[in-house]
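# A look at the structure
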Amino acid sequence: MIRKIFRAISHPGDSRRLAREVVEYLAGSVADADVLQELDLILTEGCANVCRHAYAGQPGELEVRLGLEPGRWIELEIVDWGKGFGPNVQFRNPGPEAEGGRGLYLMCKLSDACRVSRQGQENVVFIHKDIGLSQWKS
C-alpha cells in the first residue's frame, strides 16, 4: 500500500492547486481518465468545503491523506482543524430549490464509501473508491 500526505492553506486558489496536485500524482498510477475526473470532482468539492466552512472564511490548515492499493482502491481523507460539520451530517440531495448542500451528496455518489468524523481536533471526510484492475496503469 502507498500512503502520501498533501498540504495547503484553505484559500480557494491554494485548495484547488492541492486537489490538482493529488490528481496529478494519481495520474501516475490510474489510467482511466473518467476515474481521475471523478477523483478531481471529489477533491475539489471537499477542499472547497473546507475553504467555505471550516475556518469561517479565514485561512487555515488543509490536508489530503492519500492511500492507494494499486489494482484495487484509493482512499482519501480531507482533513481540517476548523469548526466541523456537527452531529447531523446528511448525504442526500437537498432538492432543486436549495442554494447549496450538494457537495457531500455528490462526493458520496462518486465513491464507494464515504463518512464524516471528528477525530480529536481533526474533521475528516473519508472517501473510499474501488478501481478495477483494468483502470490502472501497468
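Before reading on, note that the structure itself is shown above.
As the structure is a prediction and not an experimental result, all values here were calculated from the model.

### Observations regarding the pattern of salt bridges
Taken as a whole and assessed by the stated rule, the structure comprises eight salt bridges. The salt bridge involving D40 is made with R16; its shortest N-O contact spans 2.9 Å. Of this pair, D40 sits in helix α2 (residues 33-54) while R16 is found in helix α1 (residues 12-26), placing the two residues 24 residues apart along the sequence. Across the pair E38 and K129 runs a salt bridge whose closest N-O atoms are separated by 2.7 Å. Taken as a pair, E38 in helix α2 and K129 in strand β5 (residues 122-130) lie far apart in primary sequence, 91 residues in all. Classification of E38 as partly exposed rests on a relative accessible area of 26%. One network of salt bridges, with partners in common, ties together R7, E63, R65, E77 and E122.

### Overview of unusual backbone geometry
The phi angle at A56 is positive, at roughly 50°, despite the residue not being glycine. Relative to the helices and strands, A56 is located in the loop between α2 and β2 (61-69).

### Observations concerning the state of the cysteines
A covalent bond between the sulfur atoms of two cysteines is referred to as a disulfide. Enumeration according to the criterion identifies one disulfide in this entry. Paired through a disulfide, C108 and C114 show a sulfur-sulfur distance of 1.8 Å. Taking the sign of the S-S torsion, about 115° here, the bridge from C108 to C114 comes out right-handed. Accessibility expressed as a relative area gives 15% for C108, which makes it buried. C114 gets classed as partly exposed once you look at its relative accessible area, which sits at 24%. Left unpaired, C47 is separated from the closest cysteine sulfur, that of C51, by 7.2 Å. Relative accessible area serves as the criterion here: at 12%, C51 is assigned to the buried category.

### Some thoughts on the pairing of β2
In this structure, strand β1 (residues 2-9) lies alongside β2, joined through eight bridges in antiparallel fashion. Paired with I2 across the strands is L68, a residue of β2. Relative to strand β3 (residues 73-80), β2 runs antiparallel, the two sharing eight bridges. Its bridge partner lying in β3, L62 is registered against D80.

### Notes on the packing of aromatic side chains
Inspection of the entire model under this criterion finds one aromatic pair. Ring plane angle 65° and centroid distance 5.8 Å describe the contact between F6 and Y25, whose orientation is recorded as edge-to-face. Residue F6 is located in strand β1, and its partner Y25 is located in helix α1; the two are separated by 19 residues in the primary sequence. In this arrangement the basic side chain of K4 is found over the ring face of F6, its NZ or CZ atom lying 5.3 Å from the centre. Taking NZ or CZ as reference, R115 lies 4.1 Å from the ring centre of F126, over its face.

About the cut-offs
Residues numbered from 1 in each chain as written. Predicted model: local features only at pLDDT ≥ 70, side-chain atom pairs only at ≥ 80, totals over all residues. Heavy atoms only, no water. Salt bridge = Lys/Arg side-chain N within 4 Å of Asp/Glu carboxyl O. Helix = DSSP H or I, 4+ residues; strand = E, 2+ residues; numbered from the N terminus. Buried < 20%, exposed > 50% of the residue type's maximum accessible area, 1.4 Å probe, protein only. Disulfide = S-S within 2.5 Å. Pairing = 2+ DSSP bridges. Phe/Tyr/Trp six-rings, centres within 6.5 Å; stacked < 30°, edge-to-face > 60°. Lys NZ or Arg CZ within 6 Å of the ring centre and 35° of its normal.

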